[in-house]
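# Architecture at a glance
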Amino acid sequence: MPDVHVPPPNERAAGQVPPPAEPAGQVPLPNGPAGATGDVLRAGVAAWVTSAPLRALVTGFGGDWPAGPLADVLAALDDFSARHWDFRGGRERPEAREPVLDPATAAQVLAAATALGLVRPAAPRLPGYAHLLVLGGLAHACVRRVAYAARLLRTGPTVGGEVAVLGSFRPLAPAEVRALAGVGIHGCATEVDALDAGVRRSFGVTRPVRAEGHDADHPHRAWSARTYQPVDGPPVRVLAAPSSEPDRRRAHTADTQRFWAEHVRLTTGDPVLLVTAPIYVPFQHCDALRTLAVPYGCGIDTVGVDPAAAEVAGLPEPTLTPGRYLQEIRSAIRAMRALHAALG
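Below or above, wherever it landed, is the structure these notes cover. Residue positions are counted from 1 within each chain, in the order its sequence is given. Note on the predicted model: pLDDT of at least 70 is required for a residue's local features to be given, and 80 or more for side-chain atom pairs to be given and counted; whole-chain, interface and lining totals, by contrast, use all residues. Heavy atoms from the whole structure form the basis of all side-chain values; hydrogens and water molecules are not counted.

We now examine the overall build of the chain. A count of helices and strands for the chain gives 10 helices and 9 strands. We take the radius of gyration over the C-alpha atoms and set the globule estimate at 2.2 Å times the residue count to the 0.38 power. Over its C-alpha trace the chain gives a radius of gyration of 20 Å, about what one expects of a compact globule, namely 20 Å for 344 residues. The dimensions of the chain, computed from C-alpha atoms along their principal axes, are 55 × 50 × 40 Å. Buried positions account for 51% of the 344 residues belonging to the chain. The contact definition used throughout considers only heavy atoms, calling two residues in contact when any of these lie within 4.5 Å. Once local pairs closer than 6 in sequence are excluded, the contacts in the chain between residues at least 24 apart make up 71%. As displayed, the chain has an accessible area near 15100 Å², and 53% of this comes from carbon and sulfur atoms. Looking at the chain, you have 33 positive and 33 negative side-chain charges, and the mean spots of the two groups are 3 Å apart. The helix and strand labels rest on DSSP assignments: H or I over at least four residues marks a helix, E over at least two residues marks a strand, and numbering proceeds from the N terminus. Using a 1.4 Å probe on the protein chains alone, a residue whose accessible area is under 20% of its type maximum counts as buried, one over 50% counts as exposed, and one in between counts as partly exposed. Areas reported as accessible are Shrake-Rupley estimates using a 1.4 Å probe. Residue values count occlusion only from the protein chains shown. Positive: Lys, Arg. Negative: Asp, Glu. His and the chain ends are not part of the count. Throughout, a charge is located at the NZ atom of Lys, the CZ atom of Arg, the CG atom of Asp or the CD atom of Glu.

The next thing to look at is the side chain of Thr50. On the secondary structure map, Thr50 appears in the loop between helix H1 (38–49) and helix H2 (52–60). Any pair of nitrogen or oxygen atoms within 3.5 Å is treated as a polar contact; in protein, a donor-acceptor pairing is required on top of that, and neighbouring residues in sequence qualify only through side-chain atoms on both sides. One polar contact links the side chain of Thr50 to the main-chain carbonyl oxygen of Ala46, over a distance of 2.5 Å.

With that settled, the discussion passes to the nonpolar core. For the purposes of this section, nonpolar cores are sets of buried Ala, Val, Leu, Ile, Met, Phe, Trp, Tyr and Cys residues that join through side-chain atoms within 4.5 Å. In terms of nonpolar packing, the biggest core is built from 60 residues, with Trp48, Val49, Leu54, Trp85, Trp260, Leu292 and Ile300 touching the most fellow members. With 9 residues, the single largest contributor to this core is helix H10 (residues 322–343). For Ile300, the contacting residues outside a window of four places in its chain are Asn31, Val272, Leu274, His285, Ala288, Leu289, Leu292 and Ala293. Judged by nonpolar contacts, the second largest core, of 39 residues, contains Cys142, Ala149, Leu152 and Ala309.

Turning our attention to the sheet that holds strand S7 (residues 236–240). Any two strands with at least two DSSP bridges between them are considered paired. If you trace the 7 strands from one edge of the open sheet to the other, you get S5-S6-S7-S4-S2-S8-S9, paired in mixed fashion. The outermost strands of the open sheet, each flanked by one partner alone, are strand S5 (210–214) and strand S9 (299–304). Recorded for the sheet is a direction-independent mean angle of 15 degrees between the axes of neighbouring strands. As paired strands, strand S8 (residues 271–276) and S9 are joined by 6 bridges and run parallel to one another. Note that in S9 the partner of Val275 across the bridge is Val303. Along the sheet, helix H7 (residues 191–203) contacts strand S4 (163–167), strand S6 (223–228) and S7; its crossing angle with S7, the most-contacted strand, is approximately 170 degrees. Only the stretch in contact is used when a helix axis is fitted, and all axes are lines through C-alpha atoms; the angle between N-to-C directions ranges over 0 to 180 degrees. This element, helix H8 (residues 253–263), spans strand S2 (131–135), S4, S6, S7 and S8 of the sheet and lies at about 140 degrees to S4.

When a carboxyl oxygen of Asp or Glu lies within 4 Å of a side-chain nitrogen of Lys or Arg, that pair is called a salt bridge. Taken as a whole, this structure holds 15 salt bridges when the rule is applied. Across the pair Arg154 and Glu311 runs a salt bridge whose closest N-O atoms are separated by 3.4 Å. Of this pair, Arg154 sits in helix H5 (residues 139–155) while Glu311 sits in the loop between S9 and H10, and the two are 157 residues apart along the sequence. The class of Arg154 is exposed, set by a relative accessible area of 52%. Given a relative accessible area of 29%, Glu311 falls into the partly exposed group.

Every other side chain in a regular strand lies on the same face of the sheet, so the side chains alternate between the two faces. Across the 6 residues that make up S6, a large majority, 5, are buried. Sheet topology note: the S5/S6 ladder contains 5 bridges and is antiparallel. The residue bridging Arg210 from the neighbouring strand is Thr227, located in S6. The pairing of S6 with S7 spans 5 bridges and is antiparallel. Directly across from Ser224, in S7, lies its bridge partner Ala240.

Here is the rule: rings of Phe, Tyr and Trp (six-membered ring for Trp) pair when centre to centre is within 6.5 Å. Planes less than 30 degrees apart are stacked, more than 60 are edge-to-face, and the remainder are tilted. By the definition in use, this model includes 4 aromatic pairs. Members of the aromatic cluster, connected to one another through ring pairs, are Phe61, Phe80 and Trp85.

From the geometry alone we can't say anything about function, so treat these as descriptive.
Laid out in structure tokens, this is it:
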């Protein structure tokens, strides 16, 4: 493992709380209290990417563990995962192919995904947060995540600022439209439409109290913001972000997080809670560390939807396969590489 300095407790700022505990047997994600130093985050990246489950997975797919400093290890793992675990080839996630794996390899992938934090949901660590972010995705995921966020507000931590529901103008595929119709949601054409419908359904609102946006000459450049005010609780804002590279692609997760940060007053030390699916927790957590924690000094906790929650029962849920887990382990590696580069 590269030589990474982790400050002892007496070097950390007074009053800062420790990072959230991980489920037993799970490799901790990079994290730290709000305003954590680069050394703390670098140590977290090193611990995750050099962990025994990831080492064993690389070996199981015929790889040799890379040598050298952490930046070189991350680059080598990025390259290795591109050759062995990238089943998208630049396509959207639903279009990824599923690899044919023998039962022993499939079992090893599931064990590694569990240990690396892609399987088991975890509860929020703190009793209260400054803001709660719900990250968009496929249509069924949008509805599930919004429903789970509404549950958290009723039963879990308080939110002193706003709930921000983040998405883009990605067109829905026919299968997504059918999935929404199956739970009584109609008229959605884009990801942000699905998020908006989920907000109206789960938060009991009908009309936004404020709506703004910009209709550009291309959906990659357009943006919109709709703010709802539930009877109880904080305001809920549904944002569709523009792409930071509109000539190349649609807005991705980091774009939406950065766009939100530009529309809200983040204060150093603000704890922020992110809601996504368990399979995406490692990569989206690291994206949030890079786009929010590093520049703004806020704290980040990321949780996945608990499938046992009554509020998400009956909502469509995809079948998670070994190929899906390998793809998102690769996403996590790439997000950690980007985070490490941002730390300098």
